[in-house]
Amino acid sequence: MLAQTDLAVIEPRQWQAEDIKALREAGTAVYGYLSVMETPKWNETRWAAVNDDMRLLVRGQPVRFEQWDAELMDLRSAAYRELLLAEIGELAARVPLDGIMLDTVGDIEEYVPEAQRPAMGEAYKTWLEEAARRNPKLRWLQNRGFAQLEACAPLLSGMLWEGWNGHEAGGEWVRQRTELLRRLRKGGLGLLASSTDPSPIHGETARAHGFVHWVSMSDMYGV
């Protein structure tokens, strides 16, 4: 099924190198999944390496995402940034990838306390610059994280708007962000959008704003 798509986002640890090679030979660009601002417990290697200095504390307590069994990280930590860089290097060495899909970047604007957001955003940009320097053959696809797009767009091949809702496309919040994305698209940023609802309004409004749109009926990405 994935061999019939233009782009697939996968969890590389669940794939064999020869299967990814075959997928790429079929014409599918393959991006590995990386959660940036959250460390989920299923990522056993990273979870075991995380210490308290890498966790972001809010009012003295770690921020947990019970639905994903994950915790919010502090990207200002040099040790945590290095942990992510090492993970990318390990994934890229294990299997052939075209790029990395950077998930949970939007946590910076959604869950990080407002006073800490500028420093966290700068830490993300610094980290992404280093990731691109160390992995010049990889491309980078960012999921949401609108506040970071202006500064990081030159490093990205594309942006994914996960959870696109056509019913909200006329609202001011969406309008401001689609105007930003329209400008960035002129600079070469690819725009992708996904919805879980197959109603035509989602695809129609997304395409009207220049997105490649698809309906994601499961936890599998495929464009």
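Going by the structure above, here's the rest.
Residues numbered from 1 in each chain as written. Predicted model: local features only at pLDDT ≥ 70, side-chain atom pairs only at ≥ 80, totals over all residues. Heavy atoms only, no water.

> Please explain the nonpolar core as it appears in this structure.
Note on soluble globular proteins: their nonpolar side chains tend to be buried together. Core analysis: the largest hydrophobic core is formed by 56 residues, its most contacted members being Val36, Leu75, Leu102, Tyr124, Trp127, Trp140 and Trp161. Ranked by residue count, the leading element in this core is helix H5 (residues 117-134), at 7 residues. Among residues more than four places away in sequence, those in contact with Trp161 are Arg144, Phe146, Trp173, Val174, Arg177, Thr178, Leu181, Leu192, Ala193, Ser194 and Phe211. Counting 10 residues, the second largest nonpolar core, distinct from the first, contains Leu7, Tyr31, Met101 and Leu160. (Core = buried A, V, L, I, M, F, W, Y, C linked by side-chain atoms within 4.5 Å. Buried < 20%, exposed > 50% of the residue type's maximum accessible area, 1.4 Å probe, protein only. Helix = DSSP H or I, 4+ residues; strand = E, 2+ residues; numbered from the N terminus. Contact = heavy atoms within 4.5 Å.)

> Would you mind showing me how to read the pattern of salt bridges here?
The final tally for this structure, using the stated rule, is 19 salt bridges. Note that Arg55 and Glu71 form a salt bridge whose closest N and O atoms lie 2.4 Å from each other. Placement of Arg55 in the loop between helix H2 (44-49) and strand S4 (57-58) and of Glu71 in strand S7 (residues 70-72) is noted, with a sequence separation of 16 residues between them. Accessibility expressed as a relative area gives 16% for Arg55, which makes it buried. (Salt bridge = Lys/Arg side-chain N within 4 Å of Asp/Glu carboxyl O.)

> Would you take a moment to explain helix H3 (residues 78-94) for this structure?
Because an α-helix completes one turn every 3.6 residues, residues spaced three or four positions apart along the sequence face the same direction. Taking 1.5 Å as the rise per residue, H3 with 17 residues should run 24 Å; its terminal C-alpha atoms sit 24 Å apart, in good agreement. Taken residue by residue, H3 has Tyr80, Arg81, Leu84, Leu85, Glu87, Ile88 and Leu91 as its buried positions. All buried residues of H3 lie within an arc of 155° about the axis, which places them on one face of the element. (Expected span 1.5 Å × (residues − 1). Arc of directions from axis to C-beta.)

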